[in-house]
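Listed below, chain by chain, are the residues.
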Amino acid sequence: MSSSKTIAKNTLFLYFRMFLTMGVGLFTSRLVLDALGVSDYGIYGLVGGMVTMFAFLNSAMASATQRYLSFDIGRNDMEQLQKTFNATLNIHIFIALVILILGETIGLWFINYKLNIPTERLYAVNWVYQFSILTFLLSVIQVPYNALLMAREHMQAYAYLSVVETILKLVIVLLLLQLNADKLVLYAILTFIVSLIMQFVFKYYCKRHFKESVYHFYYDKVYYKELLSYSGWNLFGNIAGIARGQGSNILLNLFFGPVANASYSLTLMVQGVIGNFISNFQIAVNPQIIKNYSKGDTEASLNLMYKSAKFSFFAMLILITPFLANIDYIMNLWLTKVPQFTIEFIQLALIYSLIETLANPLIIGAQATGKIKWYQIVVGTFIFLTLPAIWLTFKITNNPINTFWVLIGNSVIALVFRLLFLKKMMGLNLKDFNLKVLLKVLLVSGTTFILVNIAKLSNATSLFELCYQSVVICGLTVIPIILLGVSKNEKKSFLFWLNEKKFKK
């Protein structure tokens, strides 16, 4: 099967997964908010965020795992593939132990003595924290198995297993509403049980389908050093990312309390749901970017990066434009009682996400080269500066909404740095990227904004109006994408694909 057909097939499976998880996720988040209340919901998001702050260790190695597995498959080196899998699994087990130690010392101290948590909820918070750590440790050990599924491009299995996980999460929310207990603690326990079940399911699937996933202890000092060196520079970049994401959440807590954390958690929920629509396409493309580079076909990798960035942006624009136009009605329909700052957070967070869709393929391209030392030092340092910038902004303005203005500004400048590095690392032509990607997304965005404003659609007041306006606004977004965003060759390729499908029928 050609790489284009593989990408298309895998994208369809991932979208099937996304639509189901999106629907269930939005439904369950409302039930969880109702069951826990605004304060406990904010506390849960904060405590979970504290645990994921230790993810900088795991995320760094996760990137290395994905890159090296895809690289070995691209070179068709099955012996090295098995060595890579076993080596990365050993390293992830070690990382899990380190995170456990850090979590039970520094993390536990910070939870009990530094965060702004109501005294009467500290007991429950400590239980939540312990089960959050256990849940996170399971996710760390599962990374090599997930990475192998992605590298092998078994997106159908990944989609179905994710559906099982989504159904289990729905079940725990229904149990949460029925059982009479401290719901904050109960939710943490049930979430851990789901993670434990999925750990066994993913492991079983991989062992049955990929012989390289059968564990054999493997140690090669030189190879371990290479893996750790690569992940070491990723580690710096991931610390910066954690500081930007979860650090913002902690600062919101310290300055504005749990209610701001609830708004931030809901924002991440919406951002994640819409972002999943785009990441599913990018997940399908990413292995091909790495595999093409491993074969020496840098031009193919760059073309995939350009297309991934441009079409990911267009897809997200189609999704968020009707959402932003009717955000007041949608949020009140979804939550009934919307926490303070939530709508403003979400509006700016989605603009931030649009910019990040352009950056994500560039990140994969940089990782494919393996030469990431100075890339991570420079870009990571700039991203890390987001945290003191947000702290200073809070001190001066005392306005939590400015969190996302800082993030947007930082994301734009980081994108410029990434382009400059990719020019040196992969021979990316800045003029090509500007003409093929940036110019087109700016033209399409500007034209869409003008068309939507000319249409003068008022905010929806009923479900029928919401559906009608969404269709109209999506149409007003698709028109400039077709006329201004898609090249002649891309239109010809699409028409050829349609004719091919008709001929087969």
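Right above here is the structure, for reference.
Let us look at the structure shown here. What you see is a predicted model; the values in this text were computed from it and never measured.

### Observations concerning helix 13 (residues 386-397)
So, step 1. The end-to-end C-alpha separation of helix 13 is 16 Å, in line with the 16 Å expected for 12 residues at 1.5 Å each.
So, step 2. Buried residues of helix 13: Thr-386, Ile-390, Thr-393 and Phe-394, and no others. Looking down the long axis of helix 13, one finds its buried residues gathered within 100 degrees of arc, a one-sided arrangement. Away from its buried face by more than 90 degrees, helix 13 exposes Lys-395 and Ile-396.
So, step 3. On its buried face, helix 13 is in contact with helix 7 (221-256), helix 12 (373-384) and helix 14 (402-426).
So, step 4. Residue Asn-398 follows helix 13 closely and has a positive phi angle near 55 degrees.

### A closer look at the pattern of salt bridges
Between side chains of opposite charge, pairing is possible as soon as their charged atoms come close.
So, step 1. Per the counting criterion, the structure on display carries 4 salt bridges.
So, step 2. Note that Glu-356 is salt-bridged to Arg-244, the shortest N-O span being 3.9 Å. Here Glu-356, found in helix 11 (residues 342-369), pairs with Arg-244, found in helix 7; they are 112 residues apart in sequence, far enough to count as distant. Neither residue differs from the other here; Glu-356 and Arg-244 are each classed as buried.

### Points about helix 11
So, step 1. Its 28 residues place the ends of helix 11 40 Å apart at the C-alpha level, agreeing with the 40 Å of an ideal helix rising 1.5 Å per residue.
So, step 2. Most of helix 11 sits out of view: 23 of its 28 residues are buried.
So, step 3. One or two residues past the end of helix 11 sits Gly-370, with phi positive at roughly 80 degrees.

Parameters at a glance
- For every chain, the first residue of the written sequence is number 1, and numbering continues from 1 onward in sequence order.
- In keeping with the model being predicted, local features are shown solely for residues with a pLDDT of at least 70 and side-chain atom pairs are shown and tallied solely at 80 or more, while totals for entire chains, interfaces and linings include all residues.
- The basis for the side-chain values is all heavy atoms of the structure; hydrogens and waters are excluded.
- Helical segments are the DSSP runs of H or I of at least four residues, strand segments are the runs of E of at least two, and each set is numbered from the N terminus.
- In a helix, the anticipated span is given by 1.5 Å times the number of residues less one.
- The buried label applies to any residue whose accessible area, calculated with a 1.4 Å probe on protein chains only, is under 20% of its type's maximum; exposed applies above 50%, and partly exposed to all values in between.
- The reported arc concerns the directions from the helix axis to the C-beta atoms and nothing else.
- Contacts are residue-level and defined by heavy atoms, with any inter-residue pair within 4.5 Å sufficient.
- The rule for a salt bridge is simple: a side-chain nitrogen of Lys or Arg has to be within 4 Å of a carboxyl oxygen of Asp or Glu.

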